[in-house]
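Structure at a glance
Okay, here's what each chain looks like letter by letter:
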Amino acid sequence: MTSRNHQLFEQSQHYIPGGVNSPVRAFKSVGGDPIFFQRGEGAYFWDADGKSYIDYVGSWGPLILGHAHPDVVKAVQIAAQNGLTFGAPTEAELEIAKLICQLLPSVEQVRLVSSGTEAGMSVIRLARGFTGRSKIIKFEGCYHGHDDSLLVKAGSGALTFGNPSSAGVPAETAGHTIVLDYNDITGIEEAFNKWGQEVAAVIVEPVAGNMNLIAPKVDFLARLRTLCTQHGSVLIFDEVMTGFRVGLGCAQGLYQIKPDLTALGKVIGGGMPMAAFGGRRDIMQCLAPLGPVYQAGTLSGNPVAVAAGLATLKQVQIPGFYEKLGNRTQQLVDGITAIAKKHGIDFCAQSIGGMFGLYFSKDIPTSFAEVMRCDKAAFNRFFHAMLEEGVYFAPSAFEAGFVSSMHGDNELDKTLSVAEKIFKSW
Ligand code: KE4
(Lines give C-alpha, C1' and ligand atoms only; values in the text may rest on other atoms or scores of the structure.)
Protein backbone atom coordinates (compact mmCIF):
# COMPACT_ATOMS: atom_id res chain seq x y z
CA MET A 1 0.00 0.00 0.00
CA THR A 2 1.35 3.44 -0.93
CA SER A 3 2.18 5.37 2.20
CA ARG A 4 0.28 8.52 3.00
CA ASN A 5 3.63 10.33 3.04
CA HIS A 6 4.28 9.31 -0.54
CA GLN A 7 0.75 10.24 -1.65
CA LEU A 8 1.08 13.69 -0.05
CA PHE A 9 4.49 14.26 -1.61
CA GLU A 10 3.21 13.26 -5.06
CA GLN A 11 0.31 15.71 -4.80
CA SER A 12 2.35 18.51 -3.20
CA GLN A 13 4.84 18.53 -6.05
CA HIS A 14 2.02 19.53 -8.38
CA TYR A 15 1.08 22.59 -6.36
CA ILE A 16 4.30 23.56 -4.55
CA PRO A 17 7.74 23.78 -6.21
CA GLY A 18 9.56 20.61 -5.17
CA GLY A 19 6.61 19.81 -2.90
CA VAL A 20 8.12 21.87 -0.10
CA ASN A 21 8.07 25.42 1.16
CA SER A 22 11.77 25.46 1.95
CA PRO A 23 14.38 23.58 -0.11
CA VAL A 24 16.27 21.80 2.67
CA ARG A 25 13.05 19.95 3.60
CA ALA A 26 13.04 18.16 0.24
CA PHE A 27 15.61 15.47 1.21
CA LYS A 28 17.57 16.30 -1.99
CA SER A 29 20.87 15.99 -0.11
CA VAL A 30 20.07 12.60 1.47
CA GLY A 31 17.74 11.16 -1.18
CA GLY A 32 14.27 9.73 -0.79
CA ASP A 33 10.93 11.39 -0.15
CA PRO A 34 10.52 14.00 2.59
CA ILE A 35 8.41 13.04 5.58
CA PHE A 36 5.10 14.85 6.11
CA PHE A 37 4.42 15.43 9.79
CA GLN A 38 1.07 15.76 11.51
CA ARG A 39 1.72 16.17 15.23
CA GLY A 40 4.54 16.84 17.63
CA GLU A 41 4.82 16.48 21.39
CA GLY A 42 7.98 16.90 23.47
CA ALA A 43 10.98 15.25 21.79
CA TYR A 44 8.76 13.37 19.33
CA PHE A 45 6.69 13.96 16.22
CA TRP A 46 4.47 11.69 14.14
CA ASP A 47 4.31 11.42 10.35
CA ALA A 48 1.29 11.13 8.06
CA ASP A 49 1.39 7.35 8.48
CA GLY A 50 1.38 7.61 12.26
CA LYS A 51 5.03 6.63 12.71
CA SER A 52 6.84 8.39 15.57
CA TYR A 53 10.34 9.85 15.47
CA ILE A 54 12.71 11.30 18.02
CA ASP A 55 13.27 14.79 16.59
CA TYR A 56 16.86 16.14 16.50
CA VAL A 57 15.99 18.98 14.11
CA GLY A 58 13.42 20.83 16.20
CA SER A 59 12.24 22.81 13.17
CA TRP A 60 15.92 23.81 12.57
CA GLY A 61 16.39 25.22 16.04
CA PRO A 62 13.30 27.02 17.37
CA LEU A 63 11.96 24.11 19.45
CA ILE A 64 14.41 24.29 22.36
CA LEU A 65 11.50 23.26 24.62
CA GLY A 66 10.40 20.46 22.28
CA HIS A 67 7.11 20.25 20.39
CA ALA A 68 3.92 21.80 21.79
CA HIS A 69 5.30 22.78 25.19
CA PRO A 70 2.19 23.33 27.35
CA ASP A 71 3.26 26.79 28.55
CA VAL A 72 3.96 27.94 24.98
CA VAL A 73 0.71 26.53 23.60
CA LYS A 74 -1.26 28.13 26.45
CA ALA A 75 0.37 31.50 25.85
CA VAL A 76 -0.43 31.28 22.13
CA GLN A 77 -4.06 30.34 22.84
CA ILE A 78 -4.55 33.25 25.23
CA ALA A 79 -2.94 35.74 22.85
CA ALA A 80 -4.92 34.46 19.87
CA GLN A 81 -8.20 34.81 21.73
CA ASN A 82 -7.39 38.49 22.20
CA GLY A 83 -6.78 39.01 18.50
CA LEU A 84 -4.22 37.73 16.01
CA THR A 85 -2.69 41.02 14.94
CA PHE A 86 -3.24 44.75 15.31
CA GLY A 87 -0.67 46.36 13.04
CA ALA A 88 -0.04 48.66 15.97
CA PRO A 89 2.22 48.61 19.02
CA THR A 90 1.43 46.25 21.91
CA GLU A 91 2.74 45.96 25.46
CA ALA A 92 4.00 42.46 24.74
CA GLU A 93 6.42 43.82 22.11
CA LEU A 94 7.79 46.20 24.72
CA GLU A 95 8.14 43.30 27.17
CA ILE A 96 10.13 41.08 24.83
CA ALA A 97 12.25 44.01 23.60
CA LYS A 98 13.17 44.88 27.19
CA LEU A 99 13.94 41.23 27.94
CA ILE A 100 16.24 40.84 24.92
CA CYS A 101 18.06 44.06 25.85
CA GLN A 102 18.42 42.85 29.45
CA LEU A 103 19.79 39.47 28.38
CA LEU A 104 22.19 40.82 25.72
CA PRO A 105 24.32 43.78 26.92
CA SER A 106 25.35 44.55 23.31
CA VAL A 107 21.70 45.14 22.37
CA GLU A 108 20.61 48.62 23.42
CA GLN A 109 17.63 48.69 21.04
CA VAL A 110 15.90 45.94 19.10
CA ARG A 111 13.39 45.66 16.28
CA LEU A 112 11.18 42.63 15.77
CA VAL A 113 10.66 41.05 12.33
CA SER A 114 9.09 37.84 11.04
CA SER A 115 12.01 35.74 9.83
CA GLY A 116 15.77 35.37 10.10
CA THR A 117 16.04 36.45 6.48
CA GLU A 118 14.33 39.73 7.31
CA ALA A 119 16.71 40.18 10.23
CA GLY A 120 19.72 39.45 7.99
CA MET A 121 18.67 41.77 5.18
CA SER A 122 17.83 44.53 7.65
CA VAL A 123 21.16 44.50 9.49
CA ILE A 124 23.01 44.67 6.17
CA ARG A 125 20.96 47.65 4.96
CA LEU A 126 21.31 49.31 8.39
CA ALA A 127 25.10 48.84 8.46
CA ARG A 128 25.39 50.29 4.96
CA GLY A 129 23.14 53.20 5.86
CA PHE A 130 25.06 53.90 9.08
CA THR A 131 28.53 53.77 7.49
CA GLY A 132 27.70 55.08 4.03
CA ARG A 133 29.73 52.18 2.66
CA SER A 134 28.63 49.33 0.35
CA LYS A 135 31.06 46.43 0.79
CA ILE A 136 30.24 43.59 3.16
CA ILE A 137 32.26 40.58 4.22
CA LYS A 138 30.71 37.16 4.83
CA PHE A 139 32.14 33.66 5.09
CA GLU A 140 31.87 30.63 2.83
CA GLY A 141 29.39 28.15 4.28
CA CYS A 142 27.64 30.65 6.51
CA TYR A 143 23.98 31.28 5.74
CA HIS A 144 22.17 34.45 6.75
CA GLY A 145 18.87 34.03 4.92
CA HIS A 146 18.12 34.56 1.26
CA ASP A 147 18.68 38.31 0.82
CA ASP A 148 20.38 39.06 -2.52
CA SER A 149 23.48 40.53 -0.87
CA LEU A 150 23.96 37.37 1.13
CA LEU A 151 23.29 34.73 -1.56
CA VAL A 152 26.88 35.08 -2.67
CA LYS A 153 29.66 32.54 -2.97
CA ALA A 154 33.39 33.05 -2.98
CA GLY A 155 34.82 34.83 -5.95
CA SER A 156 37.10 33.14 -8.48
CA GLY A 157 40.13 33.74 -6.30
CA ALA A 158 40.98 34.78 -2.78
CA LEU A 159 40.09 38.39 -2.04
CA THR A 160 37.95 38.76 -5.14
CA PHE A 161 34.38 39.94 -5.01
CA GLY A 162 31.65 37.36 -4.69
CA ASN A 163 29.55 35.75 -7.39
CA PRO A 164 25.83 35.06 -7.02
CA SER A 165 25.08 31.70 -5.40
CA SER A 166 21.53 31.86 -6.78
CA ALA A 167 19.95 32.72 -10.09
CA GLY A 168 18.18 36.04 -9.96
CA VAL A 169 20.88 37.81 -7.96
CA PRO A 170 22.43 40.53 -10.13
CA ALA A 171 26.22 40.31 -10.44
CA GLU A 172 26.35 43.98 -9.51
CA THR A 173 24.71 43.18 -6.18
CA ALA A 174 26.93 40.19 -5.44
CA GLY A 175 29.92 42.30 -6.42
CA HIS A 176 29.67 44.26 -3.19
CA THR A 177 30.11 41.10 -1.11
CA ILE A 178 33.50 39.65 -0.28
CA VAL A 179 33.42 35.98 0.73
CA LEU A 180 36.24 34.69 2.93
CA ASP A 181 37.06 31.41 4.65
CA TYR A 182 35.58 30.86 8.10
CA ASN A 183 38.28 30.75 10.81
CA ASP A 184 40.89 32.18 8.41
CA ILE A 185 42.35 35.11 10.35
CA THR A 186 45.01 35.80 7.70
CA GLY A 187 42.31 36.18 5.06
CA ILE A 188 40.43 38.66 7.21
CA GLU A 189 43.53 40.74 7.80
CA GLU A 190 44.37 40.79 4.09
CA ALA A 191 40.80 41.83 3.22
CA PHE A 192 40.87 44.68 5.70
CA ASN A 193 44.33 45.74 4.48
CA LYS A 194 42.89 45.92 0.98
CA TRP A 195 39.41 47.36 1.59
CA GLY A 196 39.30 48.35 5.28
CA GLN A 197 37.80 51.80 4.93
CA GLU A 198 35.25 50.58 2.37
CA VAL A 199 33.79 47.73 4.44
CA ALA A 200 30.36 48.54 5.84
CA ALA A 201 30.07 45.32 7.83
CA VAL A 202 31.31 41.86 8.56
CA ILE A 203 28.48 39.38 9.13
CA VAL A 204 29.33 36.07 10.75
CA GLU A 205 27.68 33.12 12.44
CA PRO A 206 29.66 33.13 15.72
CA VAL A 207 29.17 29.38 15.71
CA ALA A 208 28.58 28.23 12.15
CA GLY A 209 25.55 25.97 11.89
CA ASN A 210 24.82 25.97 8.16
CA MET A 211 27.79 23.95 6.99
CA ASN A 212 27.22 21.37 9.69
CA LEU A 213 28.53 22.74 13.01
CA ILE A 214 31.87 24.58 12.83
CA ALA A 215 33.21 26.15 16.04
CA PRO A 216 35.10 29.44 15.92
CA LYS A 217 38.85 29.02 16.39
CA VAL A 218 40.41 30.83 19.32
CA ASP A 219 40.85 34.52 18.42
CA PHE A 220 38.81 34.34 15.19
CA LEU A 221 35.90 36.32 16.61
CA ALA A 222 38.19 38.57 18.67
CA ARG A 223 40.18 39.43 15.53
CA LEU A 224 36.99 40.33 13.69
CA ARG A 225 36.05 42.61 16.58
CA THR A 226 39.41 44.37 16.60
CA LEU A 227 39.56 44.87 12.83
CA CYS A 228 35.98 46.16 12.61
CA THR A 229 36.69 48.64 15.39
CA GLN A 230 39.93 49.77 13.73
CA HIS A 231 38.26 50.35 10.34
CA GLY A 232 34.88 51.70 11.47
CA SER A 233 33.08 48.65 10.11
CA VAL A 234 30.00 47.18 11.80
CA LEU A 235 30.49 43.72 13.33
CA ILE A 236 27.28 41.74 12.92
CA PHE A 237 26.73 38.44 14.76
CA ASP A 238 24.09 36.38 13.03
CA GLU A 239 22.70 34.59 16.09
CA VAL A 240 19.48 33.46 14.43
CA MET A 241 20.56 29.89 15.17
CA THR A 242 22.90 30.34 18.16
CA GLY A 243 20.70 32.90 19.93
CA PHE A 244 19.50 31.38 23.23
CA ARG A 245 20.52 28.00 21.79
CA VAL A 246 24.15 27.90 23.04
CA GLY A 247 23.50 29.79 26.27
CA LEU A 248 21.41 32.50 27.92
CA GLY A 249 23.98 35.06 26.77
CA CYS A 250 23.97 33.55 23.25
CA ALA A 251 27.29 32.99 21.45
CA GLN A 252 28.39 36.56 22.19
CA GLY A 253 28.14 35.72 25.88
CA LEU A 254 29.83 32.35 25.47
CA TYR A 255 32.84 33.87 23.66
CA GLN A 256 32.67 37.27 25.37
CA ILE A 257 32.72 39.29 22.15
CA LYS A 258 30.50 42.36 21.82
CA PRO A 259 29.11 42.77 18.29
CA ASP A 260 27.69 46.07 17.07
CA LEU A 261 24.54 44.43 15.71
CA THR A 262 22.95 41.02 16.32
CA ALA A 263 20.38 39.10 14.32
CA LEU A 264 18.14 36.76 16.30
CA GLY A 265 15.40 34.28 15.37
CA LYS A 266 14.27 30.68 15.88
CA VAL A 267 14.28 30.27 19.71
CA ILE A 268 12.98 33.80 20.36
CA GLY A 269 9.83 32.90 18.43
CA GLY A 270 9.35 29.58 20.22
CA GLY A 271 8.22 27.99 16.95
CA MET A 272 6.21 30.95 15.66
CA PRO A 273 7.34 33.29 12.84
CA MET A 274 9.45 35.80 14.74
CA ALA A 275 12.98 37.13 14.55
CA ALA A 276 14.73 40.32 15.57
CA PHE A 277 17.77 42.49 15.09
CA GLY A 278 19.34 44.95 17.49
CA GLY A 279 22.50 46.47 18.84
CA ARG A 280 24.18 49.81 19.40
CA ARG A 281 21.69 52.63 19.96
CA ASP A 282 23.57 55.02 17.64
CA ILE A 283 23.21 52.53 14.81
CA MET A 284 19.60 51.51 15.55
CA GLN A 285 18.58 55.18 15.65
CA CYS A 286 19.27 55.31 11.90
CA LEU A 287 16.12 53.25 11.33
CA ALA A 288 12.83 54.74 10.15
CA PRO A 289 10.86 56.47 11.51
CA LEU A 290 13.82 58.17 13.24
CA GLY A 291 16.46 57.92 10.56
CA PRO A 292 17.01 57.39 6.84
CA VAL A 293 17.24 53.55 6.75
CA TYR A 294 13.86 52.12 5.85
CA GLN A 295 12.66 48.83 7.31
CA ALA A 296 9.10 47.67 7.96
CA GLY A 297 6.75 44.68 8.33
CA THR A 298 2.99 44.12 8.49
CA LEU A 299 3.27 41.37 11.09
CA SER A 300 6.47 42.54 12.81
CA GLY A 301 6.06 41.98 16.55
CA ASN A 302 2.96 39.87 15.98
CA PRO A 303 1.29 39.43 19.40
CA VAL A 304 0.74 35.67 19.03
CA ALA A 305 4.35 35.09 17.97
CA VAL A 306 5.61 37.35 20.75
CA ALA A 307 3.55 35.37 23.27
CA ALA A 308 5.24 32.15 22.12
CA GLY A 309 8.63 33.83 22.34
CA LEU A 310 8.05 35.22 25.82
CA ALA A 311 6.83 31.84 27.10
CA THR A 312 9.94 30.20 25.65
CA LEU A 313 12.38 32.78 26.99
CA LYS A 314 10.78 32.43 30.41
CA GLN A 315 11.62 28.73 30.46
CA VAL A 316 15.22 29.09 29.28
CA GLN A 317 15.93 31.52 32.13
CA ILE A 318 15.23 28.82 34.72
CA PRO A 319 18.55 28.28 36.58
CA GLY A 320 20.40 25.23 35.24
CA PHE A 321 18.45 25.08 31.97
CA TYR A 322 21.48 25.40 29.71
CA GLU A 323 23.75 23.29 31.89
CA LYS A 324 21.26 20.42 31.65
CA LEU A 325 20.67 20.95 27.92
CA GLY A 326 24.41 21.14 27.22
CA ASN A 327 25.13 17.99 29.23
CA ARG A 328 22.39 16.09 27.43
CA THR A 329 23.70 17.18 24.04
CA GLN A 330 27.26 16.26 24.98
CA GLN A 331 26.07 12.84 26.18
CA LEU A 332 24.47 12.28 22.78
CA VAL A 333 27.56 13.09 20.76
CA ASP A 334 29.91 11.26 23.14
CA GLY A 335 27.68 8.20 23.04
CA ILE A 336 27.48 7.98 19.26
CA THR A 337 31.21 8.67 18.94
CA ALA A 338 32.11 5.87 21.38
CA ILE A 339 29.94 3.37 19.49
CA ALA A 340 31.42 4.35 16.12
CA LYS A 341 34.93 4.07 17.56
CA LYS A 342 34.15 0.61 18.98
CA HIS A 343 33.22 -0.52 15.48
CA GLY A 344 36.20 1.14 13.81
CA ILE A 345 34.20 3.74 11.89
CA ASP A 346 35.71 7.12 10.97
CA PHE A 347 33.26 9.30 12.86
CA CYS A 348 33.49 12.26 15.22
CA ALA A 349 31.11 14.79 16.70
CA GLN A 350 30.93 17.89 18.82
CA SER A 351 28.36 19.93 20.68
CA ILE A 352 28.05 23.53 21.76
CA GLY A 353 25.17 24.15 24.14
CA GLY A 354 22.04 22.59 22.67
CA MET A 355 23.39 22.16 19.13
CA PHE A 356 25.66 19.50 17.69
CA GLY A 357 27.54 18.33 14.61
CA LEU A 358 28.08 14.76 13.40
CA TYR A 359 30.93 14.09 10.95
CA PHE A 360 31.98 10.95 9.09
CA SER A 361 35.65 11.85 9.15
CA LYS A 362 38.68 11.19 11.36
CA ASP A 363 38.86 14.74 12.67
CA ILE A 364 36.39 17.45 13.57
CA PRO A 365 36.30 19.95 10.67
CA THR A 366 37.23 23.57 11.35
CA SER A 367 36.52 25.04 7.92
CA PHE A 368 34.16 24.81 4.96
CA ALA A 369 36.78 22.95 2.91
CA GLU A 370 37.24 20.37 5.70
CA VAL A 371 33.49 19.87 6.01
CA MET A 372 33.30 19.23 2.28
CA ARG A 373 35.83 16.41 2.72
CA CYS A 374 33.61 14.55 5.21
CA ASP A 375 32.02 11.34 3.87
CA LYS A 376 28.60 12.55 2.71
CA ALA A 377 27.55 9.12 1.44
CA ALA A 378 28.26 7.63 4.86
CA PHE A 379 26.16 10.33 6.51
CA ASN A 380 23.28 9.68 4.12
CA ARG A 381 23.45 5.95 4.91
CA PHE A 382 23.44 6.78 8.64
CA PHE A 383 20.57 9.24 8.19
CA HIS A 384 18.29 6.73 6.47
CA ALA A 385 19.15 3.89 8.82
CA MET A 386 18.30 6.11 11.77
CA LEU A 387 15.12 7.33 10.05
CA GLU A 388 14.00 3.74 9.53
CA GLU A 389 14.33 3.18 13.28
CA GLY A 390 12.38 6.34 14.16
CA VAL A 391 15.22 8.76 14.81
CA TYR A 392 15.12 11.97 12.72
CA PHE A 393 18.35 13.87 12.15
CA ALA A 394 18.70 16.84 9.79
CA PRO A 395 18.27 15.58 6.18
CA SER A 396 21.66 16.93 5.15
CA ALA A 397 25.30 16.29 6.08
CA PHE A 398 25.73 20.05 6.05
CA GLU A 399 23.31 21.02 8.80
CA ALA A 400 23.64 21.16 12.58
CA GLY A 401 21.43 19.13 14.90
CA PHE A 402 19.45 20.28 17.91
CA VAL A 403 18.44 18.84 21.29
CA SER A 404 15.52 20.11 23.35
CA SER A 405 14.86 20.20 27.08
CA MET A 406 12.39 17.36 26.46
CA HIS A 407 15.09 14.93 25.25
CA GLY A 408 15.66 12.70 28.29
CA ASP A 409 17.30 9.40 29.19
CA ASN A 410 14.75 7.35 27.24
CA GLU A 411 15.42 9.29 24.02
CA LEU A 412 19.18 9.12 24.53
CA ASP A 413 19.09 5.38 25.26
CA LYS A 414 16.92 4.71 22.21
CA THR A 415 19.17 6.77 19.95
CA LEU A 416 22.34 5.07 21.17
CA SER A 417 20.84 1.59 20.88
CA VAL A 418 19.92 2.37 17.26
CA ALA A 419 23.45 3.69 16.68
CA GLU A 420 24.83 0.39 18.04
CA LYS A 421 22.55 -1.60 15.71
CA ILE A 422 23.58 0.50 12.70
CA PHE A 423 27.33 0.63 13.34
CA LYS A 424 27.56 -3.06 14.29
CA SER A 425 26.48 -4.01 10.78
CA TRP A 426 28.12 -1.01 9.04
P1 KE4 B 1 14.82 32.15 8.16
O2 KE4 B 1 14.60 33.20 7.11
O3 KE4 B 1 14.84 30.74 7.58
O4 KE4 B 1 13.89 32.28 9.37
O5 KE4 B 1 16.29 32.39 8.81
C6 KE4 B 1 17.39 32.46 7.93
C7 KE4 B 1 18.65 32.17 8.72
C8 KE4 B 1 19.47 33.22 9.07
N9 KE4 B 1 20.61 33.03 9.78
C10 KE4 B 1 20.96 31.78 10.19
C11 KE4 B 1 22.23 31.59 10.97
C12 KE4 B 1 20.15 30.66 9.86
O13 KE4 B 1 20.52 29.43 10.27
C14 KE4 B 1 18.97 30.86 9.12
C15 KE4 B 1 18.06 29.70 8.72
N16 KE4 B 1 18.56 28.40 8.99
C17 KE4 B 1 18.06 27.33 8.15
C18 KE4 B 1 18.69 26.02 8.64
N19 KE4 B 1 19.97 25.81 8.12
C20 KE4 B 1 16.57 27.27 8.13
C21 KE4 B 1 15.99 26.04 7.45
C22 KE4 B 1 15.42 26.36 6.10
O23 KE4 B 1 16.04 27.13 5.34
O24 KE4 B 1 14.33 25.80 5.83
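In this text, all values refer to a predicted model and were calculated from it rather than measured experimentally.

What counts and how
- Just so you know, the residues in each chain are numbered from 1, in the order the chain's sequence is written.
- Where local features are concerned, this predicted model is filtered to residues with pLDDT of at least 70; where side-chain atom pairs are given and counted, the filter is 80 or more; whole-chain, interface and lining totals use all residues.
- To get the side-chain values, all heavy atoms of the structure are used, and hydrogens and water are removed first.
- Geometry is summarised by axes, namely lines fitted to C-alpha atoms with helices restricted to the contacting stretch, and by angles between N-to-C directions that run from 0 to 180 degrees.
- A run of DSSP states H or I qualifies as a helix once it reaches four residues; a run of E qualifies as a strand once it reaches two. Both are numbered from the N-terminal end.
- Left-handed describes a crossing whose near helix is turned anticlockwise from the far helix by less than a right angle; the clockwise case is right-handed.
- Residues are treated as being in contact if the distance between any of their heavy atoms lies within 4.5 Å.
- The classification used treats Ala, Val, Leu, Ile, Met, Phe, Trp, Tyr, Cys and Pro as nonpolar, Asp, Glu, Lys and Arg as charged, and all other residues, Gly among them, as polar.
- Oblique is the label for every angle not falling under 35 degrees (roughly parallel), over 145 degrees (roughly antiparallel), or within 65 to 115 degrees (roughly perpendicular).
- The salt bridge criterion pairs a side-chain nitrogen of Lys or Arg with a carboxyl oxygen of Asp or Glu, the two atoms within 4 Å.
- Exposed residues in this analysis have more than 50% of their type's maximum accessible area, buried residues have under 20%, and partly exposed residues fall in between, with area computed by a 1.4 Å probe over protein chains only.

Between helix α3 (residues 91-103) and helix α10 (residues 303-316), whose axes approach to 10 Å, the crossing angle comes to 35°. Regarding α3 and α10, the two cross each other, and that crossing is left-handed. Listed contacts from α10 to Ala92, Glu93, Glu95, Ile96 and Leu99 of α3 are Val306, Gly309, Leu310 and Leu313. Residues that form the contact of α3 with α10 fall into these classes: six nonpolar, one polar and two charged.

Let's shift gears to the packing of helix α2 (residues 70-81) against α10. At a minimum axis separation of 8 Å, α2 and α10 run at an interaxial angle of 150°. If you check the angle between α2 and α10, you find them roughly antiparallel. Between α2 and α10 the crossing geometry is right-handed. On the side of α2, the interface is formed by Asp71, Val72, Ala75, Val76, Ala79 and Ala80, while α10 contributes Pro303, Val304, Ala307, Ala308, Ala311, Thr312 and Gln315. In terms of residue class, the contact of α2 with α10 is built from ten nonpolar, two polar and one charged.

We now examine the pattern of salt bridges. Across all of its chains, the model carries ten salt bridges by this definition. Glu189 serves as the salt-bridge partner of Arg223, at 2.4 Å between the closest nitrogen and oxygen. Here Arg223, found in helix α7 (residues 220-231), pairs with Glu189, found in helix α6 (residues 185-195); they are 34 residues apart in sequence, far enough to count as distant. Classification of Arg223 as partly exposed rests on a relative accessible area of 26%. On the basis of relative accessible area, Glu189 is assigned to the partly exposed category, the value being 25%. We note a salt bridge from Asp260 to Arg280, for which the minimum N-O separation is 3.2 Å. Here Arg280 lies in the loop between β12 (275-279) and α9 (281-284) and Asp260 lies in the loop between α8 (250-254) and β11 (261-264), a separation of 20 residues in the sequence. Exposure remark for Asp260: the relative accessible area of 5% places this residue in the buried category.

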